[in-house]
Structures are given as structure tokens and as C-alpha cells.
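Summary of structural features
If you want the building blocks of each chain, they are given just below.
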Amino acid sequence: MGTVLTTAAMLASMAPGSDEAGQRTRYVIVATLDPGSSTIEGSVHIEWTNPGPSAVDGVALDLYLNAFANPGTVYRMEGSDAGVDYEGSGGIALGSVLVNGVAVTPVVDTTHAMLDLPSLVQPHETAIIAVQFESRLPPLVERTGCVKDFCFAGQWYPKVMRLGDDGTWPFLPYHHNSEYDAGPATHEVTIRVPEGWTLAANGSAVRVDGPAGLDSWWFENDVKDVAFAAGRQMRSLEGESFDGEVKLVVAYPAGKKGLARATMKAVRESLVVMDRLYGPYPYETLVTVIVPRAGRGAGGMEYPGLVTTYGTDPGWSPVRVRALVLFHELVHQVFFAKLDSDEAREPWLDEGLTSYGGLRLQAEVEGTGEPLVVGMGGVRLSGFDLQRLALIHESRWPGARLRAWDYATIGEYHAGVYARPAIVLETVRRVWGEKKLEHALRGLATAHAGKRIRSDDVLGRFREVYGARFVEAFFVPALDDGEPFDLSVRIEDGAAVVTKRGLAQIPFVVWYRTAEGIEREVPVDGVGAVTRIEAGQGGQMTQVLVDPENRVLMDANRLDNAATTGAGASFARPVALAALFTSIVQILWSVLMP
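Owing to the predicted nature of the structure, the values given are computational and were not obtained by experimental measurement.

On to the nonpolar core. The biggest cluster of nonpolar side chains holds 171 residues, and the ones touching the most others in it are Trp48, Trp156, Phe228, Phe462, Phe474 and Phe475. Sort the elements by how many residues they give to this core and helix α3 (residues 257–278) lands first, with ten residues. Every residue in contact with Phe474, bar those within four places of it in the chain, is listed here: Val424, Thr427, Val428, Trp432, Arg469, Ala504, Gln505, Ile506 and Met554. In this structure, Tyr407, Tyr413, Val417 and Tyr418 belong to the second largest nonpolar core, which totals five residues.

Next comes the structure, spelled out in C-alpha cells:
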């Protein structure tokens, strides 16, 4: 692993004059967690510098925890429609608010509040905001809240909304499918927890002196958001990356030290692979929280410098799914943490790229070639099979590049945002080669480190590496076309007739055998909708197989990729068997995962 990308190096790489260049918001937070009442009482001192092109007369605060306030919020209504059961409520109540020393009355509208400024704040000028607040965490659900002896706090403090490029505040309700958005910021945080409780946060937390009966933890970081876990029975294992540049912490439930050691090993080895694939890890600390069984609602989440994951799979299960979560969250340290993106308006930029990267990371760290979920006898199913199943389940394919709230269901959201980019990129790897794709993604990650990226940045990078025709003829329709992509074949008058459904143009191979026993492979450019292949010299095909090495993973139906005549062997049975086992995996996934 190379030299760690320090905060100073990241700042130096950022565009001059942007919000990221020397104008970072500064937070000083002092807060006390009361698990008995599931509340966090605190104060936040904010120094916000106007990064926009014009003066502003007000500052907007995000109050994301208010998404849990009542059944009528956009977040909870959409979550309930997706089958989430909310048993309580949460929110952020603002107390006194001072702006540049003048008391102001915030105007709260669900997940945001507007603060009128005593005077205009010009571009590059700084406003000082002091806020007293009380956050009420819900019963642990969707990665935030408290259960007995364990709390996870996400979106728990007021933070300045990210100003739009046009200098206006982009008021947007917190949608269930989307994630939060925040600008780059420095934080100095003191958290007080009950005596005997351990705290893990996305910073190197250390104990400091505090009030009697409480343990105080202090940390600082340079990230877009702060989250922490605290527990009575939580333990901590510390280590470092192989090159000694990154401090590693694994927080785990009591009695799970063996699991913590295995997790530490996986994280350490992952950083080596991630350094090669995407460049240096951007923070000085990486914290992994293994949530207790009762706190599984906090598992599977990412913050800059902190990830949460679950424990081990049950011993009786032939399916390994929890490793998928760990590796997925680790790659989020690149796509969302190192490369900032708008997770509401372009969620595929973090979840889609991470879905592919996490599966490839798992395969490389575990040395299995494929990110295996099931290996029973001759049937081996990978995480890519699961993602493919999620996509082909949809009668029309949801586009990958939609806004989070444009997806009608959570199933569509997963298929479009997670699954589709993953199988498209895996198809690119299998068809055009692994090294070329690694070159494209590493170039993207290094060129945009510490910056906000958009879809055009990704398309531009792939255009540089693969050419304009690849992007326009394959990559864009592969991500966006609503028609499922499918290759099928039939034998007609002794020749193979291959039909392509969908707009994406992708090269593939057709294998055939003639009645005389001649076998050949024929490359097809994939441009036309119908391709006829003659055996030549009057030969008659008896067996045909499209894409025999399964390189075109995005092919929606493998059952129609084979055709036979006479006594030719059937290819449909093994393909159907794989589909059956994939369905079994989906059922087991729903049983094992919270």
C-alpha cells in the first residue's frame, strides 16, 4: 500500500475557489448520550464560510433525524410502503440558536430548518452559528437508534445544508431510498456516555476527563459527517494497516473476539487491494463496528472512516452472505467517501460502483476468483448471480441513473441502483478485460479524490479509456435502456439465427457443432438485432450455444442461449439448475439478513 492520502494532500488536490478548497465548515460538538431515554443532548458551534457566487441572507440546516418524527414524513411513508415497521419516533429539537451572536428563531420544515441572518454573508465570508439541540433516537431501525445496552447514532446533529452550485439552498425532503448529503467539514467532537460504555466513531476516539458518572470520549476528523456506536458490552480491538499508515479499530460485542480478529484480518488485506485498485485510503483511521444481534438494524452502513457490519452466518447455513456486506461497506470508503457524490440525485455513483467493487474485492481477498455465496457440489453461485437475479426479476429494467425518488419500489431501486451497474461493470470486465477496467476505475478514483463527481465524470473517464463508441453504443444503453437485454438463438435450415433484444451493442461468441462433428466458435460484433451464421460447405448445425463462457452477464435469459436438433445434448438443464439454486439463495438471504 502506498502513502496514505492525508487531509492536507486531499485539500491540495481540490479545485481552487470551490467549497472544498480552504472553505470547509467547522463543527465543535459537545453531546451527552442517555441510552435510557434514547436521547442525545448537546451543543454545536459551527463556522460556515459562504462558498457560493453571491451573498446569502439565510443559512439552512439539515435535520435528517426528523425523518423519523411521525408516520406522515416522506421518509416514513415511503419506508412503510416498502414494508419497514417503525415502532417509535425520532427527531431533533432545536433550543437556542445564535448567528454571529444574535438570537434567531429557526423556521423548521420537517428535515430542514432555515435561519435568518442578522446581515448578509458575502461570498467567502464566515457566519458563526451556535445551536443547542436535543436529538431523540428511534428504536433501532435503518441504521440509527437504541436497543438495550447499544446505540448507534446516525444523522444525529444539526448540520449546514450543502449550498447548491447556483448559490441557493436545495431544499429536499429526506426520501427513503436516498442517503444524506453534506459538505466537507472538520469536526472536533466530545461525546459523553454512561460509565463503563465503549464508544466507536469515525475518528480515533480517546477517553478524556468528564463529569462524574460519565465517560467522555473525544475525537476529531475531516469528513462530511460524524456517526458513532456506543455499548455497555462493546469491546475494541486495535491494529494498523500493513504499511502502518492507517489505524484500524474493530468494535465488537463481548465474547466475539475471534470474529473481531477475523474481521481485522479482512480489513487489513482489503486496504492493500483497495490501494492498488483505487489509490490511497483517504483517512488516518478506519473503524469497523460489528453490531450485536439485538442491534442488527445498525448493520450494513457506511460513513467516512467507519463501517458497520453483522456477525457470522449461522453454522447450519450453506449460504455466506455477511461477507458481502463487509466488503461492500469497505469499498464505500472510495465511492462516497473518497469520491463525494449526490446520493439522492445520482445514487448509482456510490451504490452502483460500490456494488461492483465490493464483490470484486471479496473475490480477491478471499482468493476465490468469484465472490462466492454458495458452493455446493458442482454449483457455485456468486454475489453477481444475486445481483443479476434482482435485475432480471423486473419485467422492464429500471434505469441506473435515475434520482432516488424516481423508483416506484424498493425492488426497483435495488435493481436499478445496485444490481444493474454491478452486472454491467462485471460484463465489461469479462468481455473487454480486467486490466482495462481497473485502469478506468483507478483513474477515476485518483483524478477525483476529495472532489464531488457526477455521472458525466464517469462517462468521461470511460470515454478516455474505451473510446466514444463504447460509451454511446454500449455503456449508456446498458445502464439506461428499459428493455431487458437478451441474446437468444434458434437453428433454422441448418444455420444459427441469433436475436439480440435491447439497445446495448456488445461483442459475443457463438459456438456450434455440425452433424459431421465439426466444432467452431464465431465472434459476433453485437451491432445488429439479428445475426445469421452459416456452418459453411453445406454443413448442418446440430448444436449451438451463444456466449459459452458466460461473459455477457447482463444477458437476462440464459435458457434461450442454446439450440439443438436431433440427438444433440441439451444445454438448458444446467442453466435451469443454476437459476433454481439462485432462487434458493434469494430465499435464504431473506432468512439470514435483517
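Below, the discussion takes up the packing of aromatic side chains. In this structure the tally under the stated criterion is 26 aromatic pairs. With centroids separated by 5.4 Å and ring planes inclined at 80°, the aromatic side chains of Tyr278 and Phe335 adopt a geometry described as edge-to-face. Taken together, the residues span a long stretch of sequence, with Tyr278 in helix α3 and Phe335 in the loop between α4 (322–331) and α5 (348–366) at a distance of 57 residues. Given a relative accessible area of 4%, Tyr278 falls into the buried group. Each ring, one from Trp432 and one from Phe470, has its centre 4.9 Å from the other, and the planes form 85°; the classification is edge-to-face. You can see Trp432 sitting in helix α7 (residues 410–432) and its partner Phe470 sitting in helix α10 (residues 468–480), a full 38 residues away along the chain. Look at Trp432 and you get partly exposed, because its relative accessible area is 26%. Among the residues examined, Phe470 registers a relative accessible area of 7% and is labelled buried.

Moving on to the environment of Gly52. Mapped onto the fold, Gly52 is located in the loop between β2 (39–49) and β3 (56–62). Residues Gly52 and Pro123 lie 71 residues apart in sequence; the distance between their C-alpha atoms is 5.8 Å.

This next bit is on the sheet that holds strand β28 (residues 530–533). Pairing is antiparallel in the open sheet, where three strands are placed in the order β24-β25-β28. The two strands at the open ends of the sheet, each matched to only one other strand, are β24 (486–492) and β28. Each strand axis lies, on average, 20° off the axis of its neighbour in the sheet, ignoring direction.

Turning next to the pairing of strand β4 (residues 91–99). In the sheet, β4 pairs with strand β8 (residues 126–136) via seven bridges, with the strands oriented antiparallel. Across the sheet, Val99 pairs through a bridge with Ile129, a residue of β8. With antiparallel pairing between neighbouring strands as the criterion, β4 and strand β5 (residues 102–103) make up a hairpin whose turn holds two residues, including Asn100 at a positive phi of roughly 50°.

The subject of this paragraph is the sheet that holds strand β11 (residues 159–160). Read across the sheet, four strands follow the order β6-β7-β3-β11 without closing on themselves; strand pairing throughout is antiparallel. The open sheet terminates on both sides in strands that have one partner only, identified here as β6 (107–109) and β11. In the sheet, β6 pairs with strand β7 (residues 112–121) via three bridges, with the strands oriented antiparallel. Residue pairing in the sheet places Val108 in a bridge with Ala113 of β7.

Each α-helix winds once per 3.6 residues, and so residues spaced three or four apart point in a common direction. Over its 13 residues, α10 runs 17 Å from end to end, which matches the ideal 18 Å to within 8%, given 1.5 Å per residue. Its axis deflected by about 25° at Phe474, α10 carries its strongest bend there, up to four residues before the proline Pro477. Taken together, the buried positions of α10 are occupied by Phe470, Val471, Ala473, Phe474, Phe475, Val476, Pro477, Ala478 and Leu479.

Within the chain, residue pLDDT values average 90, and 90% of them lie at 70 or more. A low-confidence stretch, residues 1–21 (pLDDT under 50), is modelled with 44 contacts involving residues beyond four sequence positions or located in other chains. Within the model, pLDDT remains below 50 along residues 572–576, and this stretch shows four contacts once partners closer than five positions in the same chain are excluded.

Scoring rules and cut-offs
- Residues numbered from 1 in each chain as written.
- Predicted model: local features only at pLDDT ≥ 70, side-chain atom pairs only at ≥ 80, totals over all residues.
- Heavy atoms only, no water.
- Core = buried A, V, L, I, M, F, W, Y, C linked by side-chain atoms within 4.5 Å.
- Buried < 20%, exposed > 50% of the residue type's maximum accessible area, 1.4 Å probe, protein only.
- Helix = DSSP H or I, 4+ residues; strand = E, 2+ residues; numbered from the N terminus.
- Contact = heavy atoms within 4.5 Å.
- Phe/Tyr/Trp six-rings, centres within 6.5 Å; stacked < 30°, edge-to-face > 60°.
- Pairing = 2+ DSSP bridges.
- Axes fitted to C-alpha atoms, helices over the stretch in contact; angles between N-to-C directions.
- Expected span 1.5 Å × (residues − 1).
- Bend = angle between axes of the 7 residues up to and from the residue.
- pLDDT = per-residue confidence, 0-100.

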